[in-house]
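# Structural overview
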Amino acid sequence: AGQHQQRPSAAEGGVLQRQWWRYWKPRGLALPPVPVRWPDGSIREIYAVDLPETFDAMIQSWDCAFKDLRTSDFVVGQVLAKAGSSRYLMDQVRGRMDMPRTGQAIRAMSAKYPNSGAKLVEDKANGPAVIQSLKHEITGLIEVNPEGGKMSRAAAVSPEVEAGNWYLPHPG
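Our subject in this report is the structure included herewith. (Residues numbered from 1 in each chain as written. Predicted model: local features only at pLDDT ≥ 70, side-chain atom pairs only at ≥ 80, totals over all residues. Heavy atoms only, no water.)

### Section: the environment of N115
What counts here: Numbering of helices and strands runs from the N terminus; a helix is a DSSP stretch of H or I covering at least four residues, while a strand is a stretch of E covering at least two. Burial classification: accessible surface area is computed with a 1.4 Å probe over protein chains only, and a residue below 20% of its type maximum counts as buried, one above 50% as exposed, and the rest as partly exposed.
Summarising the element assignment, N115 is placed in the loop between α1 (99-112) and β8 (119-122). A relative accessible area of 66% means that N115 is categorised as exposed. As for N115 and F55, which are separated by 60 residues in sequence, their C-alpha atoms are 9.4 Å apart.

### Observations regarding the environment of V161
For the record, the criterion: In what follows, a contact means two residues having at least one pair of non-hydrogen atoms within 4.5 Å.
Structurally, the position occupied by V161 is in helix α3 (residues 150-162). Given a relative accessible area of 1%, V161 falls into the buried group. Taking C-alpha positions, V161 is 6.1 Å from W21, a pair spaced 140 residues apart along the chain. With near-sequence residues (within four places) excluded, V161 lies in contact with L16, W20, W21 and W166.

### Some points on the environment of R101
Worth spelling out the cut-off: In the analysis that follows, any N or O atom pair within 3.5 Å is treated as a polar contact, provided that within protein one partner can donate a hydrogen and the other can accept it, and provided that, for residues neighboring in sequence, both atoms belong to side chains.
Mapped onto the elements, R101 comes out in helix α1. Residue classification places R101 among the partly exposed residues on the basis of a relative accessible area of 41%. It is 9.8 Å that separates the C-alpha atoms of R101 and V75, two residues lying 26 residues apart in sequence. Polar side-chain contacts of R101 include one of 3.2 Å to the backbone oxygen of R96.

### What to know about the sheet that holds strand β7 (residues 86-95)
Formally: A strand pair is defined by DSSP finding two or more bridges across the two strands. Note on geometry: axes are lines fitted to C-alpha atoms, helical ones only across the stretch in contact, with angles between N-to-C directions running from 0 to 180 degrees.
As summarised here, the arrangement of the eight strands in space is β4-β1-β10-β7-β6-β5-β8-β9, forming an open sheet in which the pairing is mixed. Since the sheet does not close on itself, it has two edges, and those belong to β4 (49-50) and β9 (141-144), each with one partner. Looking at chain direction, strand β1 (residues 22-25) and strand β10 (residues 166-169) are connected through three bridges and run parallel. Directly across from R22, in β10, lies its bridge partner Y167. Strands in contact with helix α2 (residues 127-134) are β8 and β9; relative to β9, the strand with the most contacts, it is inclined by about 160°.

### Quick word on the packing of aromatic side chains
Under the convention used in this document: Pairing of aromatic rings covers Phe, Tyr and Trp, the last through its six-membered ring, and needs centres within 6.5 Å; plane angles under 30 degrees mean stacked, over 60 mean edge-to-face, and all others mean tilted. Two thresholds decide whether a charge sits over a ring: the Lys NZ or Arg CZ must be within 6 Å of the ring centre and within 35 degrees of the ring normal.
A full pass over the atoms with the stated rule returns two aromatic pairs. Centroid distance Y88 to Y167: 5.0 Å. Interplanar angle 20°. Geometry classified as stacked. Here Y88 is found in strand β7, whereas its partner Y167 is found in strand β10, with 79 residues between them in sequence. Taken individually, Y88 and Y167 each receive the classification buried, so the pair is uniform in this respect. In textbook terms, an aromatic cluster arises when at least three aromatic residues are bridged by ring pairs, as seen for F55, Y88 and Y167. The cationic tip of R44 hangs over the ring face of W38; the distance from NZ or CZ to the ring centre is 4.0 Å. The positively charged end of R94 is found above the aromatic ring belonging to F74, 3.7 Å away from the centroid.

Here it is as structure tokens:
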């Protein structure tokens, strides 16, 4: 794709193919299907499912960075929920944040999703400092050191995504 179409990655995605993802919508909300381009160039409509009323588990995952400069890495926080074999990306925060703003983002996400028990914070950049500053205020902060790089972690979950077990919020 990079050599022939002058695009650094395939249009359908690399390890995680675009057509594998499914979508959720708030229960009872009428939203149009999501148009998705397939590898053969055709566009198919994917209908979003209603979000379950209850979940088996809900967690937050945070990848912190040091500074909020234009050249800094992004801080990314996600809320993930599980219902049976299905996984749902409930919410995401992504931005260049310093430590105080990262703490504010974790506070806000924890208030918005009080049922997210574990809050996994990567043991990189200012993650340990964020945990130290919030541990007496927010419960469930756990320092984690993920094994392998982002590509190996994506490859580990790609069978679940391909099987249609992962749901993203409806883009509308």
